[in-house]
Protein chains: 2
Amino acid sequence: MQTYIPPIDDYRFLLNEVLGFDQAMAELGKEVDADLALAVLDEAGKVCAERLHPLNRDGDEQGSRLVDGAVQTPDGFAQAYRDFADGGWTSLSADPAHGGQGLPFILQLWFDEMMSATNLSFGLFPGLSRGACEAIAAHASEELKATYLGPLVSGTWTGAMALTESGAGTDLALLKSRATPKGDGSYAVAGTKIFISSGDHDFGGNIVHLVLARLPDAPPGVKGISLFLVPKYLPDADGGFTVRNTMSVGSLEKKMGIHAQPTCMMHYDAATGWLVGEAHRGLAAMFTMMNAERLMVGVQGLGVAGGAYQQAVAYARDRVQGRSADGTRSPVAIIDHADVRRMLLNVRAFVEAGRALAGWTALQLDRAHGHADAGERAKADALVALLTPVIKAAFTDYGFESAVQAQQVFGGHGYIREWGMEQYVRDARIAQIYEGTNGVQAMDLVGRKLPMAGGAVVEGFFDGIAADVAAAGDLVIAVRTGEALALLREATVALRGAGVDATGAAAVDYLRLFALVAMGWMWTRMAVAAGAGETALHHGKLAVADYYARRVLPQAGGLAASIAAGEGAIMALAAEAF
Amino acid sequence: MQTYIPPIDDYRFLLNEVLGFDQAMAELGKEVDADLALAVLDEAGKVCAERLHPLNRDGDEQGSRLVDGAVQTPDGFAQAYRDFADGGWTSLSADPAHGGQGLPFILQLWFDEMMSATNLSFGLFPGLSRGACEAIAAHASEELKATYLGPLVSGTWTGAMALTESGAGTDLALLKSRATPKGDGSYAVAGTKIFISSGDHDFGGNIVHLVLARLPDAPPGVKGISLFLVPKYLPDADGGFTVRNTMSVGSLEKKMGIHAQPTCMMHYDAATGWLVGEAHRGLAAMFTMMNAERLMVGVQGLGVAGGAYQQAVAYARDRVQGRSADGTRSPVAIIDHADVRRMLLNVRAFVEAGRALAGWTALQLDRAHGHADAGERAKADALVALLTPVIKAAFTDYGFESAVQAQQVFGGHGYIREWGMEQYVRDARIAQIYEGTNGVQAMDLVGRKLPMAGGAVVEGFFDGIAADVAAAGDLVIAVRTGEALALLREATVALRGAGVDATGAAAVDYLRLFALVAMGWMWTRMAVAAGAGETALHHGKLAVADYYARRVLPQAGGLAASIAAGEGAIMALAAEAF
C-alpha cells in the first residue's frame, strides 16, 4: 500500500480560486481564512495518513470481535481513537458552546473525506458521535445537553444511532421497540435493534445510544415514534457514570466490509433512557442527525474513491505490461495505455468535482447556521436540503464504481486481499445502503426536495448553474454542462406533481442526471479558475474538465430518455410474473 | 437462501421458439432435438440446485485451505465432484472420440450458467478441465492425447491452466518460466506461476497442468513461448500414475471471493512435462483453451446474475415496507415499489437476453465444428470469434452490476454475509478480471475482431440484426434496436484503422454499445416469438422487451458520443500528472 497523500493542493485551489472561502467566512463574521483552514486540513491529513491508514488493512483482516459480550476492536484502534480525541479531532466544527472549535463545516467534511480514504471503519466512530451531538443539541432538554454534549464533543464518550429493527428498515412505521415511563422522568426502553454502527467498543468512556421507540400511548405509524437517549453507563450517586445500563450486544453482524467497525445487534432490556425532544416527534429529531450523517456518508464515497485513485495511479506507474502505442517501447508502464487512463480519469473526474461540490455545500451549511440574515439562512438551508440526497446517493454510487475501476487497474492483483483494492470495494458498498438506501435518497430528492417552495429552490439552484455556465463562454465543459442542464430542467418540469410510481420509476436516473450536471457545474467553475492552465494543477484541471465534458456528460441524454419513459414499462408486470 | 429454480421454461422457449434448435441440429446431422436437450438440462439443473447450491455458502465461509502443502477444499466439495463426474456431467459436449457425449455446446454453456448461478467456485473445476481438453485435443501428440484425454473427459482427472506470473499477466511476452529438454522427449519445467485456478485439490486423481514456458532457444517475446503438459502425477513403470512430479503449491491466494476455489501459486521445480503443439507456438495453443474459457467466463456473469435475481425476487415478494402507491395499503411487499422493480428489471433484461445470445453463439460454435460445408463452418467460426470478447466482457460487467443491484434490493440485509447476496457480488467480480481483463477483451474486439475479413464479418453480423429488426415491424424494441444499431455501425466505421490509442480510448464503450445492440436484437427476436403475449411467459417477454427498449437502450447515444470523442481527452495528461 502506498502512503496516502492528503489532497491539500486541491483544497487550496478550491478554497482560494473556486469557492471564495475567505469572502464567505468574512460574510459570516468568522475569523477563519484559507491559510488557517489549510493548516488545519494539513494536520488532519497527517492524522489520516500516519495514524488511520496504517490500521486499515489489519483492521479489515482482524475485524471487531465480540468476546464475553464486549466488543474488541482491532489492534491499535483503541489507542488511535484516544489519541484522535486527545488531539481535538472530534470537535472541529462543533459549537463552542458545547466545547467545540466552531470551525467551518467544510473542514469537517473534507476531514471526513480523508478519514474515509484511509480508514472508513474508524471514521464512523467520530462520525456517529457528531450525529448524536446534533440531535441532542437540537432537541434534548437542557439537563441532557449539560450532561452529554461535553463528553461527546470532546470524544471522551461516543454516540450511536439505534433506529433499524429486523422488520423495520426503510419503513420505520413498523418498529416495535417500546419505552415505558418509570415515573422519575426516565423511561424503560425495550427492544432489539440491528445494524448499530459503533454500538459498542473498547475505547473506554460512555456510549450514548439514541434509540427510536414507541411510548405506550403512541399513535400507530411514524407519528408515534419517540427518540430516547440510552447511555451504556448510567450516572451513579457520586456523579460518575459507572452503573451499567441493561443493554447488551446480542451479536456482531458479519458483513461484506467495514470489518473493523463493530456493527451491533443490540438488546435493550428495559434499559433506562430519557426522551429527546417531544413525545411522538422522534422522527423529526432523528432526521436532524440523519441529514448531517447523509452528507458524511456521501463523502465516504468520495473519500474511498480518492484513496483508491491514489493506489491505482501508483500501481499504473509502476506496473509494466505491453507496448507503447507507437510500438517502439516494450514493456511500458500501464499508465501509458489509453484504457487504463480512461479508468483513472473516470475516477478523478468524480473525485475532484465531488470534492468541490461537497465544499460548496458545506459552505451553504455554514451560511444556514451562521448568516446574519434570516432570508439568507433559509435559502442556504434549502440548498443543503436539496443537495443532501444528491451527495449521499450519487457520491456513494460513484464512490463504489470508482473503487471497482481502481481495482480493475490492478488486474488479477486487484482481486487479491493483500493489495487492498478489494477492501475499498467492499467497504464502499455499505455507503450506498446505510443512512437510507440510495433509492430512498432519490425518492427524497424527487418527492420532497424538488417541490420545496413550489419548485423555487431547485429552479434557483439551476439558475445559479446557468449563470456560471453562461459566464464561462465557449469552454467545452460549460457548453456541455449547459446542454445537460437543459435536459435536467425538462425532466424536473416533467416530474412536477408526478405520482408515487412515476416518481419511483424516474428517481434514481433523475438523481444521477442531477449529479452529472452539478459536477459539470463544478468542473466549469474549476476550468474557469484554471485560466490558461499555466501551473501543473491548472493544466490538470483543464484536461480533466475536458474529459468530463466529452466522456462523462454524454450519459445525460440516455438518463433523460430513461426518465421520460415513465413508469409504464416498470409497472406492467404483475408481482407474480417476476 | 431460496432454492435455485433452473430456468428450464426459458430454455424451452429459446430452443423451440427463438433459436430454431431442432432445425439447427438437423442441419448439422445431430440426432438431438429440443426434448432431449431439455431433458438433459432438467437433470443438469437438478444437480446444480440440489448438489452444488447447498455447498455454496459454506464453501465461501470455509474456503479452500492449504494444509501441509496440499489443498483441502470445503466440506462436501470432494464428494460432490466425484458424484458429478460419475454422473457424466464433465463430458456433455466433449468429443465422443475421447469419451465425450457429443451433445451440442449450447447444453454445456447453459449448464455453465446454472453452475455459475449456484456455485461459481465449483464450476471452475470442470470448466478448466474442458479448456485443457480442448488444447490437448487440438495440439498435443497422439500419445499425449491417448493418455490424458480420456481421464480428463470422464472427470477422473482435472485440468489447470498455468499462464500468469507475477510480472507477466496481460503481457505474456514477459514470462520467465523455462523448459529444458531432458533428452527423452520430456522437459524439465521450472518457474513460479500465480492465480492458478484448480491448481490443486483433494478430489483424488491426477491434475494436468498446461504451463507456458520458454525453451532454451526461444526467441524473445510472445513468439518464444511454448506450452507444456505437466501432470501432478507421472506415469510409473506399471502404467499407473503414482510418481509425484516436482511441482508444489506455494500458497493459496487470499481473494475477494470464490473462496472455495483453490487459486494457487504454483512452483514447478524442474517438473517433468511434455510439449503440447509446436515449440514457440504455445500462444496459439493457449488461445484454443482461452477462447472456450472466455465464453464460459462470460456465462459466469450471466449465471450469477440469474441466481441473484431469483433471490432478490423472493426477498422483494416477502419483505414488507412502506405504502402502496395509491396510499391504501401499508405495509406492502417491496416488489410493489417502482424503484425495486426497476432494479429487478435491469437484471432480468440482461439475464434473458444474455441467455439467448449465449445460446445463439453456442449454436454457431456447433456449426463451426460440425457443419458439412467448409464455408459455413468458417462463417460460423468467425461469428464466434467476433462474439467471444463481447460475451466475456459485457456479460461479466453486467453480471457484476446485476449482482450489485440484486444485493441493493435487500437493503442492509444485502450487506450481511448470511443472506448470501454479498457473496454473489464478490464472486462475480473475478469474472471481469480473469481470462483476460475486460479492457483486454474490448481491445481484442476492436483491434482484432472488427477487422476480420476486411470488416465483412462484423458487417454480416449487423446485417443479420438489421434483417430481424426490419422483419419485426414497428415493435418498440425493434425500432429502438435499429436506432442503436445505426449508432453502432457509425462507430464501427469510425474505428476502422484506428491507432492503438484511439482503439484503447474507445474500446470499452464500443464493446458495451455492441452488447446493448446484440441484446436488443435478442429481445427483438424474443418479442416476435412472444406474439400477442398470450401465455404468462410470452407476456413477460413482451413486458421486459419493452423495458429494455425504453429504459436500457437509451444508453446507446451516450456511449456513441463517448466513443466519438476520441483519444484526445484521454491522452492529454502526462503520466506524472495523474
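Parameters and conventions
Residues numbered from 1 in each chain as written. Chains lettered and ligands numbered in written order. Predicted model: local features only at pLDDT ≥ 70, side-chain atom pairs only at ≥ 80, totals over all residues. Heavy atoms only, no water. Helix = DSSP H or I, 4+ residues; strand = E, 2+ residues; numbered from the N terminus. Contact = heavy atoms within 4.5 Å. Areas by Shrake-Rupley, 256 points an atom, 1.4 Å probe, with all protein chains shown as cover. Phe/Tyr/Trp six-rings, centres within 6.5 Å; stacked < 30°, edge-to-face > 60°. Buried < 20%, exposed > 50% of the residue type's maximum accessible area, 1.4 Å probe, protein only. Core = buried A, V, L, I, M, F, W, Y, C linked by side-chain atoms within 4.5 Å. Expected span 1.5 Å × (residues − 1). Axes fitted to C-alpha atoms, helices over the stretch in contact; angles between N-to-C directions. Parallel < 35°, antiparallel > 145°, perpendicular 65-115°, else oblique. Left-handed = near helix turned anticlockwise from the far one by under 90°. UniProt positions renumbered as here; feature names shortened; annotations may be inferred. Buried area = accessible area lost by both parts, 1.4 Å probe. Salt bridge = Lys/Arg side-chain N within 4 Å of Asp/Glu carboxyl O. Polar contact = N/O pair within 3.5 Å; in protein donor to acceptor, adjacent residues only side chain to side chain. Nonpolar A, V, L, I, M, F, W, Y, C, P; charged D, E, K, R; others polar. Least-squares fit on C-alpha atoms with pLDDT ≥ 70 in both.

### A word on the overall build of chain A
Piece 1. In terms of helices and strands, chain A carries 19 helices and 11 strands.
Piece 2. Its C-alpha atoms give chain A principal-axis dimensions of about 80 × 60 × 50 Å.
Piece 3. Considering only contacts in chain A between residues 6 or more positions apart, those separated by 24 or more positions represent 74%.
Piece 4. Accessible area of chain A: about 19100 Å², with a carbon and sulfur share of 53%.

### Description of the packing of aromatic side chains
Piece 1. Per the counting criterion, the structure on display carries 53 aromatic pairs over all chains.
Piece 2. Centroid distance W157 of chain A to F241 of chain A: 4.8 Å. Interplanar angle 70°. Geometry classified as edge-to-face. With W157 of chain A in the loop between α8 (142-154) and β3 (158-162) and F241 of chain A in strand β9 (residues 241-244), this residue pair connects regions lying 84 residues apart in the sequence.
Piece 3. Taken together, a centroid distance of 5.6 Å and an interplanar angle of 5° make the contact between F461 of chain B and F514 of chain B stacked. Here F461 of chain B, found in helix α14 (residues 456-471), pairs with F514 of chain B, found in helix α16 (residues 500-530); they are 53 residues apart in sequence, far enough to count as distant.
Piece 4. Exposure remark for F514 of chain B: the relative accessible area of 1% places this residue in the buried category.
Piece 5. Three or more aromatic residues joined by ring pairs make a cluster, and in this case those are F77, Y81, F84, W89, F111, F122, F125 and F203 of chain A.

### A short note on the environment of W89 of chain B
Residues and elements named next belong to chain B.
Piece 1. Within the fold, W89 resides in the loop between α5 (77-86) and α6 (105-118).
Piece 2. Classification of W89 as buried rests on a relative accessible area of 13%.
Piece 3. The spatial distance from the C-alpha of W89 to the C-alpha of I225 is 33 Å, given a sequence separation of 136 residues.
Piece 4. Apart from the residues lying within four places of it in its own chain, the contact partners of W89 are V40, E43, A44, V47, F84 and F111.

### Topic: the nonpolar core
Piece 1. With 354 residues, the main nonpolar core has F461, Y510 and F514 of chain A together with F461, Y510 and F514 of chain B as its most contacted residues.
Piece 2. Setting aside residues no more than four positions away along its own chain, Y510 of chain A makes contact with L445, V446, L450, F462, L488, A491, T492, L495 and I563 of chain A.
Piece 3. L128, L172, L210 and M286 of chain B belong to the second largest nonpolar core, which has 30 residues in total.

### Considerations on α6 of chain B
Piece 1. The terminal C-alpha atoms of α6 of chain B lie 20 Å apart, and with 14 residues this matches the ideal 20 Å at 1.5 Å per residue to within 8%.
Piece 2. Taken across its 14 residues, α6 of chain B has 14 buried, putting it largely inside the fold.

### Overview of the packing of α16 of chain B against helix α18 (residues 555-564) of chain B
Residues and elements named next belong to chain B.
Piece 1. Relative orientation of the contacting elements α16 and α18 amounts to 150°, with a least axis distance of 9 Å. In terms of axis orientation, α16 runs roughly antiparallel to α18. In the packing of α16 onto α18, the handedness of the crossing is left-handed. Of α18, the residues touching α16 (which contributes A506, D509, Y510, R512, L513 and L516) are Q555, A556, L559, A560, S562 and I563.

### Looking at the UniProt feature "domain: Acyl-CoA oxidase/dehydrogenase middle" (unreviewed entry) in chain A
Piece 1. In the numbering adopted here, UniProt assigns the feature "domain: Acyl-CoA oxidase/dehydrogenase middle" (unreviewed entry) to residues 160-269 of chain A.
Piece 2. Along residues 160-269 of chain A the backbone is 0% helical and 46% strand, and the end-to-end C-alpha distance reaches 17 Å.

### Focus: unusual backbone geometry
Piece 1. For the bond running from S330 of chain A to P331 of chain A, omega is -10°, close enough to zero to count as cis.
Piece 2. Its location among the elements puts P331 of chain A in the loop between α9 (282-318) and α10 (338-370).

### Observations regarding the interface of chain A and chain B
Piece 1. Of the residues lining the interface, 86 residues belong to chain A; the matching set on chain B comes to 86 residues.
Piece 2. Considering only the surface of chain A that becomes buried against chain B, Y415, R551 and F578 of chain A emerge as the three largest contributors, covering 13% of it.
Piece 3. Our enumeration of links across chain A and chain B arrives at two salt bridges.
Piece 4. On the surface where chain A and chain B come into contact, there are 48 residue pairs in polar contact (both at pLDDT 80 or more).
Piece 5. Considering every element that reaches the side of chain A that touches chain B, the biggest residue donor is helix α17 (residues 536-552) of chain A, with eight residues.
Piece 6. Along the lines of polarity and charge, the residues of the side of chain A that touches chain B split into 40 nonpolar, 24 polar and 22 charged.

### Side note on the relation of the copies chain A and chain B
Piece 1. Taken as rigid bodies, chain A and chain B are interconverted by a rotation of 180° and an axial shift of 0.0 Å, the fit giving an RMSD of 0.0 Å. Taken together, these values place the two copies in the relation of a two-fold axis. Within chain A, the C-alpha atom positioned nearest to the axis of rotation is that of G558 of chain A, 3.1 Å from it.
Piece 2. A shared interface surface links the copies, since 100% of the contact residues of chain A are contact residues in chain B too.

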